[in-house]
Amino acid sequence: MVQRIAVVSRFPWLAFTIVLLWAATGNTEEKLRTWFDVTGKHSMKATYVSHDDEKVTLRDPEGKVFEIELKQLSKPDRGYLERIAKSDSDESAEGSPLPDQPLVIGQSKERGVALDVHPSEPEWTFQRKPNAGLEFSPREFSIPLEEFGERATEFVITPSGQFAALTASYPSSQTRVSILDLSKKKVVASSSAAGDYLAVAVSDDGQRVAIRSDDFRDKRQIGVFRVSGKKLKPEGNFMPFPDLTDTAILWAGFVGDDQLAILCENAGITVWNLSNYQEDCYFELEGDSAATRNADGSVIAFADKEKVGLFQMADRSFSAVQPVPNAFWTKHLAFSPSEERLVGFGVNRLVTWETDTGKVISDIPELKLPGSAGDCVQENFVLINNRYLVDLENQLKLWSYNGLHRTASAGGVTFFLIPRRAGRNSTLAIAPVSLPDPEATTALDEALTQPDLFLLKPGGTVQLDVSKVPDAEREKVREFLIARLQENRISVSDDAVSTLVASISNPQPVTAIYYSRKDRVPHTYNFKVLNSKVELIHDGQVVWSQQSNNQPSSVYAKEGESISEKLSEATQKPNLFFFEHAHLPKLIQKKPESEGQNLQWTFGESTVK
């Protein structure tokens, strides 16, 4: 018996009837998913129960059952119901369940919701999901290579460190795709696919892997495999941004409920619903860009040559958007293990943001290391291109790891994927290492005892030049920087070999977009800003720099005031807060005379084998 009682919705987009069931019904294994309304602005989490031509019945996590008119649902959700209806029809016609076949989709029939990149709040907001480390004790293990000439091509890992995905290629243009359980030291499932593919993401539960084509003619094709026993079975494949031809997948991650986020060059980020292989939503980015997800997949961090921001999966909102530091083009992004930091990897440059505030806490220019991809292996250390270990706090190129290995990091542990051969047998060793390893740490400790190895270090001296700061602010800037140097146990001396130079520029023209809080409509404004900069100069060369300006992140205009007037007022005074809280490096290493053209010089190197 079912009793129907009309109630007022606690979800603003639903006018529904709650159904109270006197007996337990439904499948206990029904999957919880997020359902969106037709505008894409409102959502609820519920499991599917049933539907007809007019309504769908859903059950929320508390067990309450709702009936919702189909016309109120988003197009991807209606497509999901159409697939269920087709599956039920086929099953009924054949008298048995559908065969286990892949769902192969050429393109999404309709585009998802187009989103404008603007913050939902005036300031940067981010709720960290700290990761204290791995929940298991990692141990080295090996897996066999099945065929002579097989070689690993990509290695990706979940934020928990428990599961990893591996692709390995055969000389015959075949790719073996595997999911590994690093906590149990075993292969969960593995299968081969015709063609050349690279793993781009593995789901947090280790049940799905996403791969992309590595064919030079189209690196946009993406496929999803699901664990079925000891095998991986193809579940679906598609190409995001169907209107583009000259693009490639740069990053992908399993996010939200049954969703896959994909970043394509010269396009942006698109989120696909894997329950029906339809696009949920997308937003554009400028040119080459970068993205990563946080530990639980609820937030996507993104950056391009103009902006850095945070996208909230639950309500499709942007909790933070702000300009990137001057002339920085982010090629790769990574959260630190605690999520206190977000590191942007550029060409010869590293920028680190504080995730609580969006403040730039480190900017390392002229890094002179090849590659722009990397992992944040510890709070203060990044590994670039699987090889170069950089100390963020001390801003040092610390160590080089040579060899044919690949790496993936999670929870403060870096897993080295190392090919090994014993006679006619070949294996891949998965070796966990905490970086910096003892050899690199010892080298750093020994280096600190050498008097002439650093231009700047605790106990050392530096000249201070504030002549490029206007007279009215010069003394304050001097006091601020002396205080920051003293925190690092560095004193000011006219005899020092390097000079810390502070400057405030003349007004520089900029163009910026601000959103109205009333209608969220973007408006473009032209105004002038004052740039504040600190540089360390040695032998006439800039060896370190950091800068900011006085452009406000948000502007509030009272009745009768214009945004242009408020911007002009806000940019009259220079950003002295930047000097007062400047994050100065403790160590700046000196280029050795023997380095010559070897710009990748580090304190030492070791061979991984």
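Refer to the structure presented above.
This write-up is about the structure you can find in this document. Quick caveat: nothing in here was measured; it's all calculated off a predicted structure. (Residues numbered from 1 in each chain as written. Predicted model: local features only at pLDDT ≥ 70, side-chain atom pairs only at ≥ 80, totals over all residues. Heavy atoms only, no water.)

## Remarks on the overall build of the protein chain
Here's step 1: The helix and strand tally for the protein chain stands at 5 helices and 45 strands.
Here's step 2: Taking all 609 residues of the protein chain together, 51% fall into the buried category.
Here's step 3: Partitioning the contacts of the protein chain with sequence separation of at least 6, the portion at a separation of at least 24 is 53%. (Helix = DSSP H or I, 4+ residues; strand = E, 2+ residues; numbered from the N terminus. Buried < 20%, exposed > 50% of the residue type's maximum accessible area, 1.4 Å probe, protein only. Contact = heavy atoms within 4.5 Å.)

## Some details on helix H3 (residues 471-487)
Here's step 1: Along its 17 residues, H3 runs 25 Å from first to last C-alpha, staying within 8% of the 24 Å computed at 1.5 Å per residue.
Here's step 2: All of the buried residues along H3 are Glu473, Val477, Phe480, Leu481, Arg484 and Leu485.
Here's step 3: Where H3 is buried, its residues meet strand E37 (461-468), strand E38 (491-492), strand E39 (499-504), strand E42 (531-538) and helix H5 (576-580).
Here's step 4: Immediately beyond the C-terminal end of H3, within one or two residues, lies arginine 489, with a positive phi of roughly 60°. (Expected span 1.5 Å × (residues − 1).)

## Digging into the packing of aromatic side chains
Here's step 1: One pass over the full model with this rule turns up 13 aromatic pairs.
Here's step 2: On the numbers, 5.7 Å between centres and 10° between planes, the contact of phenylalanine 126 with phenylalanine 335 is stacked. Of this pair, phenylalanine 126 sits in the loop between strand E7 (113-114) and strand E8 (141-144) while phenylalanine 335 sits in strand E25 (residues 332-335); the two residues are 209 residues apart in sequence, bridging distant segments of the chain.
Here's step 3: The exposure class assigned to phenylalanine 335 is buried, which follows from its relative accessible area of 11%.
Here's step 4: The ring of tyrosine 282 carries the charged tip of arginine 111 above its face, separated from the ring centre by 4.0 Å. (Phe/Tyr/Trp six-rings, centres within 6.5 Å; stacked < 30°, edge-to-face > 60°. Lys NZ or Arg CZ within 6 Å of the ring centre and 35° of its normal.)

## Concerning the pairing of strand E20 (residues 278-284)
Here's step 1: When you tally the buried positions in E20, you get 6 out of 7 residues, the bulk of the element.
Here's step 2: When E7 meets E20, the two strands line up parallel, connected through 2 bridges. Across the sheet, alanine 114 pairs through a bridge with tyrosine 282, a residue of E20.
Here's step 3: By the bridge criterion, 6 bridges tie strand E19 (residues 268-273) to E20 in an arrangement that is antiparallel. Directly across from isoleucine 269, in E20, lies its bridge partner phenylalanine 283.
Here's step 4: Once E19 ends, the chain turns through 4 residues before running back antiparallel as E20, passing tyrosine 277 with a positive phi of about 55°. (Pairing = 2+ DSSP bridges.)

## Focus on the sheet that holds strand E16 (residues 231-238)
Here's step 1: The strand order across the open sheet formed by 4 strands is E13-E14-E15-E16, and the pairing between neighbours is antiparallel. The strands lining the two open edges of the sheet, one partner per strand, are strand E13 (197-202) and E16. When strand polarity is set aside, the average angle formed by the axes of neighbouring strands in this sheet is 30°. (Axes fitted to C-alpha atoms, helices over the stretch in contact; angles between N-to-C directions.)

## Here we look at the sheet that holds E25
Here's step 1: The 4 strands are arranged E25-E26-E27-E28 in an open sheet whose pairing can be described as antiparallel. Among the strands making up the open sheet, the edge pair consists of E25 and strand E28 (360-364). Along the sheet, successive strands turn relative to each other by an average axial angle of 15°, direction set aside.
Here's step 2: Across 4 bridges, strand E27 (residues 349-354) lies against E28 in antiparallel orientation. Its bridge partner being in E28, leucine 350 is matched across the sheet by isoleucine 364.

## Details of the nonpolar core
Here's step 1: Ranked by internal contacts, the top residues of the largest apolar core, which has 24 residues, are Val477, Leu481, Leu500, Val534 and Phe579.
Here's step 2: For this core, the secondary structure elements donating two or more residues are strand E36 (454-456), E37, H3, E39, E42 and H5.
Here's step 3: With 4 residues, the single largest contributor to this core is H3.
Here's step 4: With residues near it in sequence (within four places) discarded, phenylalanine 579 still touches Val477, Phe480, Leu481, Arg484, Ala502, Ser503, Ile504, Ser532, Lys533 and Val534.
Here's step 5: Residues Val377, Leu389, Phe416 and Ala443 belong to the second largest nonpolar core, which totals 23 residues. (Core = buried A, V, L, I, M, F, W, Y, C linked by side-chain atoms within 4.5 Å.)

## Concerning the environment of aspartate 280
Here's step 1: Topologically, aspartate 280 is positioned in strand E20.
Here's step 2: Since its relative accessible area comes to 3%, aspartate 280 is described here as buried.
Here's step 3: Here the alpha-carbon distance between aspartate 280 and aspartate 77, two residues 203 residues apart in the chain, equals 8.8 Å.
Here's step 4: Setting aside anything within four residues of it in sequence, one finds aspartate 280 in contact with Pro76, Gly112, Val113, Gln259, Val271, Trp272, Asn273 and Arg316.

## Points about helix H2 (residues 438-448)
Here's step 1: What H2 keeps buried is the set Ala440, Ala443, Leu444 and Ala447. Seen from one end, H2 has its buried residues packed into an arc of 100°, which puts them on one side. (Arc of directions from axis to C-beta.)

## Quick look at the environment of glutamine 547
Here's step 1: Tracing the backbone shows glutamine 547 in strand E43 (residues 541-549).
Here's step 2: Overall, glutamine 547 belongs to the partly exposed group, its relative accessible area being 24%.
Here's step 3: Separated by 35 residues in the primary sequence, glutamine 547 and alanine 582 place their C-alpha atoms 9.0 Å from one another.
Here's step 4: Here glutamine 547 is in contact with Asn326, Ser532, Lys533 and Phe578, once residues within four sequence places are set aside.

That is the geometry; function is a separate question.
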